[in-house]
Amino acid sequence: DIDLLEVYRLKEKLRIRDAGSALPDLADTTFLDNLNLIRMDKDEVRVTVAGLLFVGKAASIARLLPQAEVIYLHYSDEAQTEYDNRMDMQEPVISILDKLTERIRTYNRLTEAVFQEALLNALAHRSYEDMAPVYVKHYPTKIVIENPGGFPGDINEGNIITHQSIPRNKLIAMTLQHLKYVQRSGQGVDIMFQSMLT
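Anyway, here's the lowdown on the structure attached to this text. In this convention, every chain numbers its residues from 1, walking through the sequence in written order. In view of the model being predicted, local features appear only for residues whose pLDDT reaches at least 70, and side-chain atom pairs are presented and counted only at 80 or more, with totals across whole chains, interfaces and linings using the full set of residues. The basis for every side-chain value is the complete set of non-hydrogen atoms in the structure, without hydrogens or water.

Our next topic: the overall build of the protein. Each helix and strand in the protein was counted, giving eight helices and six strands. Here the term buried applies to any residue with accessible area under 20% of the maximum for its type, exposed to any over 50%, and partly exposed to those in between, with areas from a 1.4 Å probe on protein chains only. Burial status across the protein gives 41% buried among its 198 residues. Only heavy atoms matter for contacts: two residues are in contact if any of them lie within 4.5 Å across the pair. Considering only contacts in the protein between residues 6 or more positions apart, those separated by 24 or more positions represent 54%. The Shrake-Rupley method, run with a 1.4 Å probe, gives the accessible areas here. Residue values count only the displayed protein chains as cover. For the protein, the computed accessible surface area is about 10,900 Å², with 49% contributed by carbon and sulfur atoms. Put simply, DSSP marks the helices as runs of H or I at least four residues long and the strands as runs of E at least two long, and each gets a number from the N terminus on.

This is how it looks when you write it as structure tokens:
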């Protein structure tokens, strides 16, 4: 179920993002074990849900975690109800991030960091018990990202900026932190809010 090319890509991305990290120099199994993307069960390697999301083969994600899907819809007009471009993705998280960043860059002036932070937030904090996909709806002047599950705990629209983060999927959030895709888990909303104000 593990895509070894995706493991290689993660290591190379980490080399770029954190030149001082020793993780990319580890053997593949040790690298994945250090990130808790696999568990050793006697002599058998078991892929965690986070492992499947980061280094799983597309076919394995579709078979074992079919709800781990991102659907991108592009609308040429704000008032349009029909999309003119669609991409359905059941791939590892970073592959989805790369594809959508490239697509957004083609159409939009939105700060790339804000979009990436919002998408990673949606993937890390969605409910994986819910079978609905994550939707990225791309309009000429806005991007709407919808993920299943609602706000966790007592977080709501009124206190989301000031409330302490409650990670729904802690291992996914920690993996993004170890891979240097987020500065520190729990700061995503703050970063997006501050970036959009400046």
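Here we take up the pairing of strand E2 (residues 44-47). Two strands qualify as a pair provided DSSP detects at least 2 bridges between them. Sheet analysis places strand E1 (residues 38-41) next to E2, joined by four bridges and oriented antiparallel. The residue of E2 that forms the bridge with Ile38 is Val47. Linkage of E1 to E2, two consecutive antiparallel strands, is achieved through a turn of two residues, within which Lys42 is found at a positive phi near 60°.

Think of a salt bridge as a Lys or Arg side-chain nitrogen and an Asp or Glu carboxyl oxygen that are within 4 Å of each other. Counted under the stated rule, the structure contains 13 salt bridges. Between Asp28 and Lys11 there is a salt bridge, and its shortest N-O distance comes to 2.7 Å. With Asp28 in helix H2 (residues 28-34) and Lys11 in helix H1 (residues 4-17), this residue pair connects regions lying 17 residues apart in the sequence. Notably, a salt bridge pairs Asp41 with Arg46, separated by 2.9 Å at the nearest N-O pair. Residue classification places Asp41 among the partly exposed residues on the basis of a relative accessible area of 35%. Through salt bridges that share partners, Glu6, Arg9, Lys13 and Asp98 make up one connected network.

Moving on, we come to the sheet that holds strand E4 (residues 85-89). On the basis of which strands lie adjacent, the open sheet formed by four strands has the order E4-E3-E5-E6 and mixed pairing. Two strands lie at the open edges of the sheet, namely E4 and strand E6 (143-146), each paired on one side alone. When strand polarity is set aside, the average angle formed by the axes of neighbouring strands in this sheet is 10°. Every axis corresponds to a line fitted to the C-alpha atoms, with the helix fit spanning only the stretch in contact, and the corresponding angles, defined between N-to-C directions, vary from 0 to 180 degrees. Against the sheet, helix H6 (residues 112-125) engages strand E3 (70-74), strand E5 (134-138) and E6, with an angle of about 15° to E6.

The next thing to look at is the nonpolar core. Nonpolar cores were defined as sets of buried Ala, Val, Leu, Ile, Met, Phe, Trp, Tyr and Cys residues, with membership established by side-chain atoms within 4.5 Å. Membership of the largest hydrophobic core comes to 43 residues, with the highest contact counts inside it found for Phe31, Phe54, Leu100 and Leu176. Beyond its immediate chain neighbours, meaning those up to four positions away, Leu100 contacts Val70, Tyr72, Met87, Met89, Phe115, Leu119 and Val136.

Next up on the list: helix H5 (residues 93-107). What a helix should span is 1.5 Å times the count of its residues minus one. Across its 15 residues, H5 extends 21 Å between first and last C-alpha, which sits within 8% of the 21 Å expected from 1.5 Å per residue. Val93, Ile94, Ser95, Ile96, Leu97, Leu100, Thr101 and Ile104 are the residues of H5 that are buried.

This part takes up the packing of aromatic side chains. Between the rings of Phe, Tyr and Trp (Trp by its six-membered ring), a pair exists once the centres lie within 6.5 Å; its type follows the angle of the planes, with under 30 degrees stacked, over 60 edge-to-face, and the other angles tilted. Taken as a whole and assessed by the stated rule, the structure comprises one aromatic pair. Between Tyr75 and Tyr139, the ring centres sit 4.6 Å apart and the planes meet at 10°, which makes this aromatic pair stacked. Placement of the pair is Tyr75 in the loop between E3 and E4 and Tyr139 in the loop between E5 and E6, with a sequence separation of 64 residues. Like Tyr75, the residue Tyr139 is buried in the burial classification. By definition, being over a ring means that NZ of Lys or CZ of Arg is both within 6 Å of the ring centre and within 35 degrees of the ring normal. Sitting over the face of the ring of Tyr128, Arg126 holds its NZ or CZ atom 4.6 Å from the ring centroid.

Below, the discussion takes up the pairing of E3. Looking along a regular strand, one sees the side chains alternate between the two faces of the sheet. Counting buried residues along E3, five of its five residues qualify, which places the element largely inside the surrounding structure. Of the two faces of E3, both are covered, the one formed by Val70, Tyr72 and His74 as well as the one formed by Ile71 and Leu73. The pairing of E3 with E5 spans five bridges and is parallel. Following the sheet pairing, His74 is matched in E5 by His138.

Contact geometry for H1 and H5: axes closest at 10 Å, N-to-C directions at 65°. The angle between the axes of H1 and H5 places the two elements in the roughly perpendicular class. Touching Glu6, Arg9, Leu10 and Lys13 of H1 are Ile94, Ser95 and Asp98, all from H5. Considering only residue class, the contact of H1 with H5 consists of two nonpolar, one polar and four charged. Should an angle fall under 35 degrees it is taken as roughly parallel, and over 145 as roughly antiparallel, whereas 65 to 115 is taken as roughly perpendicular and any remaining angle as oblique. Under this grouping Gly is polar, as are all residues other than the nonpolar Ala, Val, Leu, Ile, Met, Phe, Trp, Tyr, Cys and Pro and the charged Asp, Glu, Lys and Arg.

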